[in-house]
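# Examination of the molecular architecture
Each chain, written out:
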Amino acid sequence: MSDRERVLGRVRRALADVPEDDTPYDRVIPRDYVREHGERTVEETVELLAANLADYRAVVHRCEAADLPALIARLLAARDAESVLVPDGLPSAWLANADPAPVPDRAESTPYELDAVDSVVTGCAVAVAETGTLVLDGGPGQGRRRITLVPDHHICVVRVPDQVVASVPQALERLSPTRPLTWISGPSATSDIELNRVEGVHGPRTLEVVLLG
């Protein structure tokens, strides 16, 4: 028996009790899922986001718009960054005080060129409080997916409260499935080898999140 026959046999056994005239895909399936676990104020939702981000070992900062350029400059200086990747559409004021040389987000950049970049600064599309997740969709100020997967240091700015939602279902309502979505929950890490957590395996080793508002 081939692998194909085995798979088809399992499918037939799973559908054995389904009537032949059943047309499930022609019917509306109720999706009355829980949209949010508990009721929270806007402030409580933002606090939950900050707590879950920190639990995933992201470094959380808070500031007002007027203080953002100085904060980003300080975070880059603390890393001794000499270059910073700047995606199209990122507000120029965010890096007004930064010393590192700006690197544009170019389609022709090689992985080796991106790996040589010290830091990347982006915005995001939405942040999910219950899971401590940032979602980037390639929109203005977010750039291509790879710019947040190759450099070792990522600074992500989240506008509070406009870009913060409580749950994943609420986030999905704001996102388009046709966009290149990147879901980030803390810095890149794996525990596959002897259950030891290793960060920076397939993405930035350090994730810093600025809650702006």
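Before any of the text, the structure's been laid out above.
Before going into details, it helps to say that this report is about the structure given with it.

Conventions we followed
- Residues numbered from 1 in each chain as written.
- Predicted model: local features only at pLDDT ≥ 70, side-chain atom pairs only at ≥ 80, totals over all residues.
- Heavy atoms only, no water.
- Helix = DSSP H or I, 4+ residues; strand = E, 2+ residues; numbered from the N terminus.
- Rg over C-alpha atoms; globule rule 2.2 N^0.38 Å.
- Contact = heavy atoms within 4.5 Å.
- Pairing = 2+ DSSP bridges.
- Axes fitted to C-alpha atoms, helices over the stretch in contact; angles between N-to-C directions.
- Buried < 20%, exposed > 50% of the residue type's maximum accessible area, 1.4 Å probe, protein only.
- Patch = residues over 30% accessible without salt bridge, like charges linked within 9 Å, V, L, I, M, F, W, Y side chains within 5 Å.
- Areas by Shrake-Rupley, 256 points an atom, 1.4 Å probe, with all protein chains shown as cover.
- Salt bridge = Lys/Arg side-chain N within 4 Å of Asp/Glu carboxyl O.
- Expected span 1.5 Å × (residues − 1).
- Core = buried A, V, L, I, M, F, W, Y, C linked by side-chain atoms within 4.5 Å.

Helices and strands together make up the secondary structure of the protein, namely five helices and 12 strands. Relative to the 2.2 N^0.38 estimate, which gives 17 Å for 213 residues, the radius of gyration of the protein is 21 Å and therefore markedly larger than a compact globule would have. Dimensions of the protein along its principal axes, counting C-alpha atoms only, are 70 × 45 × 35 Å. For the protein, restricting intrachain contacts to residue pairs at least 6 apart in sequence, the fraction spanning at least 24 positions comes to 72%.

Looking now at the sheet that holds strand 9 (residues 182-184). Spatially, the four strands line up as an open sheet ordered 8-5-6-9, and their pairing is mixed. What marks the edges here is a single partner per strand, and that holds for strand 8 (164-165) and strand 9. Pairing of strand 6 (residues 133-136) with strand 9, which is carried by three bridges, proceeds in the antiparallel orientation. What sits directly across from Leu136, in strand 9, is Thr182.

Two pairing modes exist for strands in a sheet, parallel and antiparallel, and in both the strands are linked by backbone hydrogen bonds. The strand order across the open sheet formed by six strands is 1-12-7-4-2-3, and the pairing between neighbours is parallel. With one partner strand each, in any of the chains shown, strand 1 (59-63) and strand 3 (101-104) form the two edges of the open sheet. The mean inter-strand angle of the sheet, taken between neighbouring strand axes irrespective of direction, is 25 degrees. Examined bridge by bridge, strand 2 (residues 83-86) and strand 4 (residues 119-122) share two bridges and lie parallel to one another. The partner of Val84 across the bridge, within strand 4, is Ser119.

Below, the discussion takes up helix 3 (residues 68-78). What helix 3 keeps buried is the set Leu68, Pro69, Leu71, Ile72, Ala73, Leu75 and Leu76. Contact partners of the buried residues in helix 3: strand 1, strand 2, strand 4, strand 7 (153-159) and strand 12 (206-212).

This part is about a nonpolar patch on the surface. The grouping of Val7, Val11, Leu15 and Val18 at the surface amounts to a nonpolar patch, some 310 Å² of accessible area in total. With respect to the helices, strands and loops of the structure, Val7 is situated in helix 1 (residues 3-14). The exposure class of Val7 is partly exposed, given its relative accessible area of 46%.

Before going further, it helps to examine helix 2 (residues 42-55). Its 14 residues place the ends of helix 2 20 Å apart at the C-alpha level, agreeing with the 20 Å of an ideal helix rising 1.5 Å per residue. Those residues of helix 2 not exposed but buried are Thr45, Val46, Leu49, Ala50, Asn52 and Leu53. Lining the buried residues of helix 2 we find strand 1, strand 5 (126-128), strand 6, strand 8 and strand 12. Once helix 2 finishes, Arg57 follows within two positions and takes phi at roughly 70 degrees, a positive value.

What follows covers the pairing of strand 2. With burial as the criterion, each face of strand 2 is covered, one bearing Ser83 and Leu85 and the other bearing Val84 and Val86. Inspection of the sheet shows strand 2 paired to strand 3 by four bridges, in the parallel sense. Of the residues in strand 3, the one forming a bridge with Val84 is Pro102.

Before going further, it helps to spend a moment on the pattern of salt bridges. With the rule as written, the count across this model stands at 10 salt bridges. For the salt bridge of Arg62 with Glu47, the shortest nitrogen-to-oxygen distance reads 3.2 Å. One end of the pair, Arg62, is in strand 1; the other, Glu47, is in helix 2, and 15 residues separate them in sequence. Among the residues examined, Arg62 registers a relative accessible area of 46% and is labelled partly exposed. The closest approach of N and O atoms between Glu108 and Arg106, which form a salt bridge, is 3.1 Å. Look at Glu108 and you get exposed, because its relative accessible area is 53%.

The next subject is the nonpolar core. Within the largest apolar cluster, 18 residues are counted, with the highest numbers of intra-cluster contacts made by Leu68, Ile72, Leu76, Leu95, Val121 and Val210. Sorting elements by how many residues they give to this core places helix 3 first, with five residues. Each residue touching Leu68, except ones within four places of it in the same chain, is listed here: Cys63, Trp94, Val157, Val210 and Leu212.

Here we take up the pairing of strand 7. Looking along a regular strand, one sees side chains alternate from face to face of the sheet. Along strand 7, six of the seven residues are buried, which leaves the element largely enclosed by surrounding structure. Strand direction decides the pairing type here: strand 4 and strand 7, joined by three bridges, are parallel. By the bridge assignment for strand 7, Val120 is matched with His154. Alignment of strand 7 against strand 12, held across seven bridges, turns out to be parallel.

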